[in-house]
Amino acid sequence: MTSNAPIGIFDSGLGGLSVVRQIREDMPHERLMFFGDSANAPYGTKSVEEVRRLSFDIVERFVQQGVKAVVIACNTATSAAATELREHYDIPIIGMEPALKVAADAGHGERQNIIVAATPLTLRERKFAKLMHRFERDHTIYKQPCPELVEIVEQGELDDRERVMATLHGYFDSYDLDATDAVVLGCTHFVFYRDYFRELLPQGTAIIDGNEGTSHHLQVVLESLGALADENQEGSVSIANSSSSDRMIQLSEYLLHR
Ligand code: DGL
């Protein structure tokens, strides 16, 4: 059995395009519909109730458009709304969380020093507290909110090396980076900064994100439902954004192919 219905993927803004990139690579036959809520970004500094309301509006529109699954390509919206969305809708809702487990497992039993970079909302929510609780006895975990990294992407300033490096130094200079085993990129916007992080961090510090894991999870779920696209179907990506500015779509295309 196959299904050629589209997959809805959304984020507070443009960060989720890093997830679209991964899914397109892993599942080239799927039709992907991305929605970036840039008019309401950032989510990471909003209340849980507001992010939940915005997430429900987006998923409701996807469902009206006949999607076979939704990917919340946003750690923040997942923290705020994934449980409630799953209770409300009967299509698969795939969420994201900071890939702390991947960072912890990489130590093969040795205590790891791990910095989790994410939005303020993700780091203060119960979902992350539960995740952290699983690993904090055996590992040293630091929580680092980085809201400015979301703004830089949304403002189209990702190529402003000076601004980016100054922002990263502001967030990370107080850590002993030589003693840091991994930095977890717990926000989909941050995945676009991988090369900058590489420049900031010592060679031995791993940079970990959850995009591959999310894409793999989506694939497993669709396969188990017999809902993967037909291999004869040509995959596609469509991009929509709540911002009325044409620039957001151009910026989205740029990030998707960057
Ligand atoms: N991209 C989002 C995430 O993964 C959130 C960015 C924002 O604050 O809007 O958490």
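Residues numbered from 1 in each chain as written. Predicted model: local features only at pLDDT ≥ 70, side-chain atom pairs only at ≥ 80, totals over all residues. Heavy atoms only, no water.

- In the annotation of an unreviewed UniProt entry, the entry for the protein chain reads Glutamate racemase, and the organism field reads Bifidobacterium magnum.
- In its Catalytic activity (unreviewed entry) section, the UniProt record describing the protein chain reads: "L-glutamate = D-glutamate". (UniProt positions renumbered as here; feature names shortened; annotations may be inferred.)

Considerations on the site of the ligand
- Contacts to the ligand come from 13 residues, most closely from Ser12, Tyr43, Gly44, Thr76 and His189.
- Here an oxygen atom of the ligand and a backbone polar atom of Thr188 are 2.9 Å apart.
- Taken together, the residues that form the shell around the ligand break down as five nonpolar, seven polar and one charged. (Near = heavy atom within 4 Å. Polar contact = N/O pair within 3.5 Å; in protein donor to acceptor, adjacent residues only side chain to side chain. Nonpolar A, V, L, I, M, F, W, Y, C, P; charged D, E, K, R; others polar.)

Digging into the sheet that holds strand E2 (residues 31-36)
- On the basis of which strands lie adjacent, the open sheet formed by five strands has the order E4-E3-E1-E2-E9 and parallel pairing. Looking at the sheet topology across the chains shown, the edges are occupied by strand E4 (93-94) and strand E9 (236-241).
- Taken together, the four bridges between strand E1 (residues 7-11) and strand E3 (residues 69-72) define a ladder with parallel strand orientation. Across the sheet, residue Gly8 finds its bridge partner in E3, namely Val70. (Pairing = 2+ DSSP bridges. Helix = DSSP H or I, 4+ residues; strand = E, 2+ residues; numbered from the N terminus.)

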